[in-house]
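Chain and residue survey
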Amino acid sequence: MKIVLATESFQPTISGVAVTTFLLAKTLVEQGHNVWVFAPSEQFADTFEHHPELKRLNVCRFKSLPNPFRSGLRFAFLPKKAVMAKMRAIKPDIVHLQDPNAVSSATMIAAQDVVVPGIVTNHFIPDFVMAYLWFLGPAKRLAKKRLVAYLRKFYNQCEVVITPTETIAKVVRSWGIKPKVL
């Protein structure tokens, strides 16, 4: 199969999502699949690389800017057009999104355009995000409500939502998610 993994955090970034995405990509390659990881670039330019050790692992990076909320992280800057071009060239069988951020959002739009199913892994709950938005004060409650509404809309575009635990699955289901939550 041709599989696209989309994430806002991938090597050399150090994070749980980056490690999980790499291990998933490595496992899929070892099972014989061709894998493309879509992630932010380390600079304000699109780049492409083959993984030095895993022959069927390709990394497509999209121009990015530093993340003002988390030191050392970057976020893709308007990747939709570049992601669409890569998706049309690759013609994947499935996309697996790792977060609801810019690269994954653009990948989901492109997947719908080329009629490819998408699945998403939920790696967090909104309370984790709210911890970085301390400066909102009393507006945090509204921000959390809007974040859950965004996640519901994003996840409802997918075929399946994967969570790391049944506890998180129950939280995700409580948002009104229509696809199967595993």
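Our subject is the structure that appears above.
So, a few notes on the structure that sits alongside this text. The residue numbering used here restarts from 1 in each chain and proceeds along that chain's sequence as written. In keeping with the predicted nature of the model, local features appear solely for residues at pLDDT of at least 70, side-chain atom pairs appear and are counted solely at 80 or more, and the whole-chain, interface and lining totals rest on all residues. Only hydrogens and water are set aside when side-chain values are computed; all heavy atoms of the structure are taken into account.

**Points about the pattern of salt bridges**
- Counted as salt bridges are all cases of a side-chain nitrogen of Lys or Arg within 4 Å of a carboxyl oxygen of Asp or Glu. Evaluation of the coordinates by the stated rule reveals 5 salt bridges.
- The partner of glutamate 30 in a salt bridge is lysine 26, and the shortest N-O contact between them spans 2.8 Å. Here glutamate 30 pairs with lysine 26, and both are found in helix H1 (residues 16–30), just 4 residues apart, close to one helical turn. Secondary structure elements are defined from DSSP: runs of H or I of at least 4 residues count as helices, runs of E of at least 2 residues count as strands, and each element is numbered from the N terminus.

**Some words on helix H3 (residues 102–113)**
- Between its first and last C-alpha, H3 extends 17 Å over 12 residues, near the 16 Å set by a 1.5 Å rise per residue.
- Exposed residues in this analysis have more than 50% of their type's maximum accessible area, buried residues have under 20%, and partly exposed residues fall in between, with area computed by a 1.4 Å probe over protein chains only. Turning to H3, its buried residues are Val103, Ser104, Ser105, Ala106, Thr107, Met108, Ala110 and Ala111.
- Phi turns positive, to about 55°, at valine 115, one or two residues after H3. The span one expects for a helix is its residue count, reduced by one, times 1.5 Å.

**Notes on the pairing of strand S1 (residues 2–6)**
- Burial analysis of S1 places 4 of its 5 residues in the buried class, the great majority of the element.
- For two strands to pair, DSSP has to find at least two bridges joining them. Relative to strand S2 (residues 34–40), S1 runs parallel, the two sharing 5 bridges. Across the sheet, leucine 5 pairs through a bridge with valine 37, a residue of S2.
- Seen with its strands pointing away from the viewer, a crossover is right-handed when the path leading from the first strand over the helix to the second is clockwise. Since S1 and S2 lie parallel, the crossover through H1 that links them has a hand, and here it is right-handed.
- Taken together, the 4 bridges between S1 and strand S7 (residues 94–97) define a ladder with parallel strand orientation. When the sheet's bridge partners are listed, leucine 5 is paired in S7 with histidine 96.

**Some remarks on a nonpolar patch on the surface**
- Patch membership needs two things, relative accessible area over 30% and no salt bridge, and members are linked within 9 Å if like-charged or within 5 Å if nonpolar (Val, Leu, Ile, Met, Phe, Trp, Tyr). Exposure was quantified through the Shrake-Rupley algorithm and a 1.4 Å probe, taking into account, for residues, occlusion by the shown protein chains and nothing else. Side chains of Phe69, Tyr132, Trp134 and Phe135 sit close together on the surface and give an oily, nonpolar patch of about 500 Å² of accessible area.
- Tracing the backbone shows phenylalanine 135 in the loop between helix H4 (126–130) and helix H5 (140–155).

**Section: the environment of leucine 54**
- Structurally, the position occupied by leucine 54 is in the loop between strand S3 (47–50) and strand S4 (57–62).
- On the accessibility criterion, leucine 54 (12% relative accessible area) is buried.
- The spatial distance from the C-alpha of leucine 54 to the C-alpha of valine 29 is 7.2 Å, given a sequence separation of 25 residues.
- Here a residue-residue contact requires only that any non-hydrogen atoms of the pair lie within 4.5 Å. Discounting residues that sit within four places of it in the chain, leucine 54 has contacts with Phe22, Lys26 and Val29.

**Things to note about unusual backbone geometry**
- A cis amide bond links glutamine 11 to the next residue, proline 12, at an omega of 5°.
- For proline 12, the location among the structural elements is in the loop between S1 and H1.
- Its identity is not glycine, yet lysine 91 carries a phi of approximately 55°, on the positive side.
- Secondary-structure assignment places lysine 91 in the loop between helix H2 (80–90) and S7.
- Residue classification places lysine 91 among the exposed residues on the basis of a relative accessible area of 56%.
- Positive phi, normally seen in glycine, also occurs at valine 115, with a value near 55°.

**Observations regarding the packing of aromatic side chains**
- Each Phe, Tyr or Trp ring, with Trp reduced to its six-membered ring, pairs with another whose centre is within 6.5 Å; inter-plane angles below 30 degrees give stacked pairs, above 60 give edge-to-face pairs, and intermediate values give tilted ones. In this structure the tally under the stated criterion is 5 aromatic pairs.
- Grouping aromatic residues by their ring pairs yields a cluster made of Tyr150, Phe154, Tyr155 and Trp175.

**Side note on helix H6 (residues 166–173)**
- Residues of H6 that are buried: Ile168, Ala169 and Val172. For H6, the angular spread of buried residues about the axis comes to 105°, placing them on one side. Those residues of H6 that are exposed and aimed more than 90 degrees away from the buried face are Thr167 and Lys170.
- The inward-facing, buried residues of H6 contact H5, strand S9 (160–162) and strand S10 (180–181). Think of the arc as the fan of directions from the helix axis to the C-beta atoms.

**Focus: the packing of H2 against H3**
- Fitting a line to C-alpha atoms yields each axis, with helices limited to the stretch in contact; the angle taken between N-to-C directions then spans 0 to 180 degrees. Viewed as axis vectors pointing N to C, H2 and H3 meet at an angle of 45°, and their least axial separation amounts to 9 Å. On the basis of the axis angle, H2 is oblique to H3. Considering how the two elements wind past one another, H2 and H3 form a crossing that is right-handed. Between H2 and H3, the contacting residues are Lys80, Val83, Met84, Met87 and Arg88 on the first element and Ala106, Thr107, Ile109, Ala110, Ala111 and Asp113 on the second.
- Looking at the contact of H2 with H3 residue by residue, the class counts come to 7 nonpolar, 1 polar and 3 charged. For this classification, under 35 degrees means roughly parallel, over 145 means roughly antiparallel, 65 to 115 means roughly perpendicular, and everything else is oblique. If you view the pair so one helix is near and one far, a crossing is left-handed when the near helix is turned anticlockwise from the far one by less than a right angle, and right-handed when it is turned clockwise. Residue classes follow a fixed rule: Ala, Val, Leu, Ile, Met, Phe, Trp, Tyr, Cys and Pro count as nonpolar, while Asp, Glu, Lys and Arg count as charged, and any other residue, Gly among them, counts as polar.

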